[in-house]
Amino acid sequence: WDIYLHRFFLVWIMPSNHVTHTIFFASVIFCMLKCLLLPNAIEFYVSLAYHNDDLSRTLISWTFAKFVSATLVVCFTLYVSWRRVFRRFTNRPWMDPNVTERNRLPVTSSNIRFFVDETMAREAACRPELVATADFEQTSRNKYGLINDLAPNVWNMDSCDWSFTLKSSVENALALVQQKESAPATWQPMPVPSNWTMDESVPDNPIYTNIRFPFPCVPPFVPDQNPTGVYRLKFDLPEKWRHQNSDDEYVIIFHGVESALFLYCNNKSVGYSQDSRLPASFDLTPYLKQTGNTVHAVVCRWSDGSYLEDQDQWWMAGIHRSVEIVRRSVRMDIDDIRVQSDMDGHLAVCIDLRKGMGRCTRKIQVSLYDDTQTSARGCFNAGEMVWSASD
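A.B. asks: Is there a simple way to think about the overall build of the protein chain in this case?
C.D. replies: Secondary structure summary: the protein chain contains 7 helices and 21 strands in total. Here the protein chain, with 391 residues, has 38% of them falling under the buried criterion. Expressed as a percentage of contacts within the protein chain between residues at least 6 apart in sequence, the contacts between residues at least 24 apart total 68%. Within the structure as shown, the protein chain displays about 23100 Å² of accessible surface, and the carbon and sulfur contribution to it stands at 56%.

What follows is the structure, encoded as structure tokens:
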């Protein structure tokens, strides 16, 4: 009823607020009672008072005819509302408030990164960026000369050869990925992370709004003409990963996509996610091959989440943060870490272990170091161990 009353009439009859809706529906009900039911009821009771059977039968016939007519009008209205409102939710998760994800993994504190030794872990804690392995062939360094390859189980895919094409609607973009579109697409290189709205070769521009929405404000709906970008990446697993345990798991992480994301791997649907500022993780293990993989990321510019993310801002679109693949060995049992401290100097570390382990026989050690970060780029001076505990 909320959808029918507030959405259908808001879109197609009265683009106004809820107070006006109340007045409008009250007036409609009053007119229906006055014009349809009350006159016939009064005449019917008058005819009964004067025992006029012919007049009673005539009034009953007219009342029944008007009732049938009103029923047909109501049925027609319901049909139109279903066609234009309710049906818009069918297979359209980007406009369905009940769907914010499909097959997305729970968000963890840091999407666990495993380091070769303790020194690398302490160095990574001082870095302003998410550390990962960008080049498996040789040890790579960033522009400051610091080692990049601190987390060998994480592959940063920002430097890969991403291709991009823009479609006018989400349906057209999904048809392209699902190979239902006959017309060939024109692909162009696109850096990741970036916003396609900042690329001069893409016919879509950034939009600035303050109190107005850049599209008709009818929650949770967004326009059918919804600019949608399709990112494509063809890749092989790194050579060092191909010879690892076959039971290893692979998770792809999109650290920021605006505003909704459909993910496909090797022409198979992997999942869906909304939230422009939180990471979206998906399990790629059932879909990946050693070589010859293709990933498609279908990014919708507008979704029902756009209403919640609206503020005094520039509206952008695209994969605006890094993309990574994390390889998890079957021996890596830690799923999440939470650290809490209080003003009295107490420190609590909560560790979630992987489900299905049965009785835990692992030993966990936690250490706190007094390291000093000496620059914004990530340089640090190693300090002494302040506290350590094991369980």
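A.B. asks: What's the story with the pattern of salt bridges in this structure? I'm lost.
C.D. replies: A side chain of one charge can pair with a side chain of the opposite charge when the charged atoms of the two come close. Here the structure, examined in full by the defined rule, presents 9 salt bridges. For Arg-92, the salt bridge identified is with Glu-171, shortest N-O distance 2.8 Å. Here Arg-92 is found in the loop between helix H3 (53–84) and strand E1 (101–102), whereas its partner Glu-171 is found in helix H5 (residues 170–177), with 79 residues between them in sequence. Residue classification places Arg-92 among the buried residues on the basis of a relative accessible area of 17%. On the basis of relative accessibility, which here comes to 32%, the residue Glu-171 falls in the partly exposed class. For Arg-338, the salt bridge goes to Asp-352, with nearest N and O atoms at 2.7 Å. With Arg-338 in strand E16 (residues 334–341) and Asp-352 in strand E17 (residues 347–353), this pair connects stretches of sequence that are 14 residues apart. For Arg-338, a relative accessible area of 39% gives the class partly exposed. Here the salt bridges do not stand alone but share partners, grouping Arg-92, Glu-171 and Asp-224 into one network.

A.B. asks: I'm lost on helix H4 (residues 118–125) in this one. Help?
C.D. replies: Residues that lie three or four places apart on an α-helix share one face, since the helix turns once every 3.6 residues. Every buried residue belonging to H4 is among Arg-122, Glu-123 and Ala-124, and all of these are buried. Packing partners of the buried residues in H4 comprise strand E18 (365–369) and strand E20 (380–381).

A.B. asks: Looking at this structure, how should I read the sheet that holds strand E6 (residues 228–235)?
C.D. replies: In a beta sheet, neighbouring strands pair by backbone hydrogen bonds and run either parallel or antiparallel. Read from one edge to the other, the open sheet built from 7 strands follows the order E1-E10-E9-E12-E6-E3-E4, with strand pairing classed as antiparallel. Looking at which strands have only one partner, the edges of the open sheet turn out to be E1 and strand E4 (188–189).

A.B. asks: I would appreciate a short explanation of the packing of aromatic side chains in the present structure.
C.D. replies: The relative placement of two aromatic rings is captured by the distance of their centres and the angle of their planes. Counted under the stated rule, the structure contains 14 aromatic pairs. Residues Trp-155 and Trp-241 carry aromatic rings whose centres are separated by 6.4 Å and whose planes lie at 90° to one another, so their mutual orientation is edge-to-face. Here the residue Trp-155 occupies a position in strand E2 (residues 154–156), and Trp-241 occupies one in helix H6 (residues 239–242), the gap between them amounting to 86 residues. For Trp-155, a relative accessible area of 10% puts it in the buried group.

A.B. asks: What should I look at first to understand the nonpolar core in this one?
C.D. replies: Side chains that are nonpolar tend, in soluble globular proteins, to be buried together. In terms of nonpolar packing, the biggest core is built from 33 residues, with Met-157, Tyr-231, Phe-235, Phe-254, Ile-319 and Ile-325 touching the most fellow members. For this core, the secondary-structure elements that each account for two or more residues are E6, strand E7 (249–254), strand E9 (260–265), strand E11 (280–283), strand E12 (293–300) and strand E15 (323–328). Within the second largest apolar cluster, 22 residues are counted, among which are Trp-94, Val-99, Val-177 and Phe-215.

Criteria and cut-off values
Residues numbered from 1 in each chain as written. Predicted model: local features only at pLDDT ≥ 70, side-chain atom pairs only at ≥ 80, totals over all residues. Heavy atoms only, no water. Helix = DSSP H or I, 4+ residues; strand = E, 2+ residues; numbered from the N terminus. Buried < 20%, exposed > 50% of the residue type's maximum accessible area, 1.4 Å probe, protein only. Contact = heavy atoms within 4.5 Å. Areas by Shrake-Rupley, 256 points an atom, 1.4 Å probe, with all protein chains shown as cover. Salt bridge = Lys/Arg side-chain N within 4 Å of Asp/Glu carboxyl O. Pairing = 2+ DSSP bridges. Phe/Tyr/Trp six-rings, centres within 6.5 Å; stacked < 30°, edge-to-face > 60°. Core = buried A, V, L, I, M, F, W, Y, C linked by side-chain atoms within 4.5 Å.

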